[in-house]
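The residues making up each chain are set out below.
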Amino acid sequence: VCLFPTLSGAMKFENLLESKRIKIKNRPDIFGEQRITDENDNITGYDDYLLINATSFSLEEVPQAVEKYGGVCFPAHIDRSSYSILSVLGTFPETPTFKAAGLSRYADEKKLSAENPCLGNMKLFVNSDAHRLSDIPEPQNELELPECSAEALIDYIKNR
């Protein structure tokens, strides 16, 4: 998850990310269409290259690159058995690379923290990891910030 205080910062990071993509043609018959939509969900195009593919960024480079544009990032759904940092690496990196981590709503936070002590120094966010609006549950967690803004959330994460 990458959060930016401005659209400009997000777009600059996106340009950098695009330069680091390993471009493999998408096979819509296997992986589905990769639609590009506008703010009204109208299809404006398709991404021809596989979006689930890795980039040439190292794990340590991503937070540094995001921070360069004023943002903060953290790995999502670390407890999942696939497509998560723990399922890929087998452990959570001990370096101070991340200041937060995302958990699925089914995570056993105590068990994860016991197995990965570095999580004790991070903010842990629980989310649904829903990919469809109909799968988003009612809110179960709240976060108190001085104001409702991207800047306030990013500051909260960065300053633990």
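Owing to the predicted nature of the structure, the values given are computational and were not obtained by experimental measurement. (Residues numbered from 1 in each chain as written. Predicted model: local features only at pLDDT ≥ 70, side-chain atom pairs only at ≥ 80, totals over all residues. Heavy atoms only, no water.)

## Digging into unusual backbone geometry
Where the residue is not glycine, phi is negative for most of them; where a peptide bond is considered, it is trans in most cases. Going by this rule: Numbering of helices and strands starts at the N terminus; helices are DSSP runs of H or I of at least 4 residues and strands are runs of E of at least 2.
Phi is positive for aspartate 41, which is not a glycine, with a value near 65°. Tracing the backbone shows aspartate 41 in the loop between strand S2 (35-37) and strand S3 (43-46). A positive phi is found at histidine 77, a non-glycine position, where the angle reads about 30°. Looking at the element boundaries, histidine 77 is found in the loop between strand S4 (72-73) and helix H4 (85-89).

## Things to note about the packing of aromatic side chains
Definition in use: Aromatic rings from Phe, Tyr and Trp, taking only the six-membered ring of Trp, are treated as a pair when their centres fall within 6.5 Å; an angle between ring planes under 30 degrees marks them as stacked, one over 60 as edge-to-face, and anything in between as tilted. Burial status follows relative accessibility: with a 1.4 Å probe on protein chains alone, a residue under 20% of its type maximum counts as buried, one over 50% as exposed, and anything between as partly exposed. The criterion is that NZ of a Lys, or CZ of an Arg, lies within 6 Å of the ring centre and within 35 degrees of the ring normal, and then a charge sits over that ring.
All chains considered together, the criterion is met by three aromatic pairs. Taking the centre distance of 5.4 Å and the plane angle of 35° together, the rings of phenylalanine 4 and phenylalanine 13 count as tilted. In this structure phenylalanine 13 comes out as buried when scored by relative accessible area, which is 6%. Grouped by ring-pair contacts, the aromatic residues Phe4, Phe13 and Phe57 constitute a single cluster. Here the basic side chain of lysine 25 rests over the ring of tyrosine 49, its NZ or CZ set 5.5 Å away from the ring centre.

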